[in-house]
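Geometric and topological summary
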Amino acid sequence: QQQVKQSPQSLIVQKGGISIINCAYENTAFDYFPWYQQFPGKGPALLIAIRPDVSEKKEGRFTISFNKSAKQFSLHIMDSQPGDSATYFCAVKPAGAGSYQLTFGKGTKLSVIP
Amino acid sequence: DAGITQSPRYKITETGRQVTLMCHQTWSHSYMFWYRQDLGHGLRLIYYSAAADITDKGEVPDGYVVSRSKTENFPLTLESATRSQTSVYFCASRRPARGASYNEQFFGPGTRLTVL
């Protein structure tokens, strides 16, 4: 069963525009919601993360919006730049001290065109 | 160099052969993970480990074996490679549960494996 559904699969945005990627999860027992960024030929790297007691977190041009009741969280990239072109993955971590594995979405390939 | 390394970076093998992918980290992180990345499937967890000699199955463990005799190493073995195991494999590690960023996983550069 797919615990996290990510959309869209691919996204093309003009330079300076806003990129929005969405994730929906199916289980309420998660306590950590990260977004990872991956450039071609590289491993994923943590971009930004949020915990469920916060509705929004902003780091520079990147913002996570979290809607606990709708079981959704999204990544917003403001003033998108060609250097943001990458694949983005959302993920969820089960709640509890003994849980540490992440389940990832299928990824969104973002292309920012000049 | 500090960090997490994987070897080899590229590997071509034949169906039925045994292949071992190596992962080494210099941070002494307790937790380590193996993922495979395939188009349309994202990152899927194969095996993970909480400490030396403690391993557990992830989402797609069939056909794979892991061991962890030392904290810094976490090799992944394909006992009899199949074409469906052609993929990019990523190793990751996570620090012990202390501090605000303790959930972050640090990924290696990946191994691209082709099974003919």
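Note: the structure precedes this text.
Anyway, here's the lowdown on the structure attached to this text. None of the values given here were measured: they were computed from a predicted structure. (Residues numbered from 1 in each chain as written. Chains lettered and ligands numbered in written order. Predicted model: local features only at pLDDT ≥ 70, side-chain atom pairs only at ≥ 80, totals over all residues. Heavy atoms only, no water.)

All names here are of chain A. Grouped together as the largest cluster of nonpolar side chains are 24 residues, with contacts concentrated most on Y25, F33, W35, F73, L75, Y88 and L110. Among the secondary structure elements, those contributing two or more residues to this core are β2 (10-14), β3 (19-25), β4 (30-38), β5 (45-50), β7 (62-67), β8 (72-77), β9 (86-94) and β11 (108-113). No other element matches β9, which puts four residues into this core. (Core = buried A, V, L, I, M, F, W, Y, C linked by side-chain atoms within 4.5 Å. Buried < 20%, exposed > 50% of the residue type's maximum accessible area, 1.4 Å probe, protein only. Helix = DSSP H or I, 4+ residues; strand = E, 2+ residues; numbered from the N terminus.)

Moving on to the interface of chain B and chain A. Taken together, the contacts link 22 residues of chain B with 17 residues of chain A. Buried area between chain B and chain A, both sides added, is near 1700 Å², and the carbon and sulfur share of it is 56%. It is B:L43, B:N103 and B:F107 that lose the most area in chain B upon contact with chain A, and together they represent 30% of the buried surface on that side. Taken together, the connections running from chain B to chain A amount to zero salt bridges. Taken together, chain B and chain A are joined by two residue pairs in polar contact (both at pLDDT 80 or more). Of all the elements in the fold, those that place two or more residues in the side of chain B that touches chain A are β4 (31-38), β5 (42-51), β9 (87-94) and β10 (105-107) of chain B. When residues in the side of chain B that touches chain A are grouped by element, the largest group, six residues, is from β5(B). (Contact = heavy atoms within 4.5 Å. Buried area = accessible area lost by both parts, 1.4 Å probe. Salt bridge = Lys/Arg side-chain N within 4 Å of Asp/Glu carboxyl O. Polar contact = N/O pair within 3.5 Å; in protein donor to acceptor, adjacent residues only side chain to side chain.)

On to the state of the cysteines, then. Residues and elements named next belong to chain A. With the rule as written, the count across this model stands at two disulfides over all chains. Here C23 is linked by a disulfide to C90, with a sulfur-sulfur distance of 1.7 Å. In this structure, the disulfide formed by C23 and C90 twists by about -80° around the S-S bond and is classed as left-handed. In this pair, C23 sits in strand β3 while C90 sits in strand β9, placing the two residues 67 residues apart along the sequence. Neither C23 nor C90 differs from the other in exposure class; each is buried. (Disulfide = S-S within 2.5 Å.)

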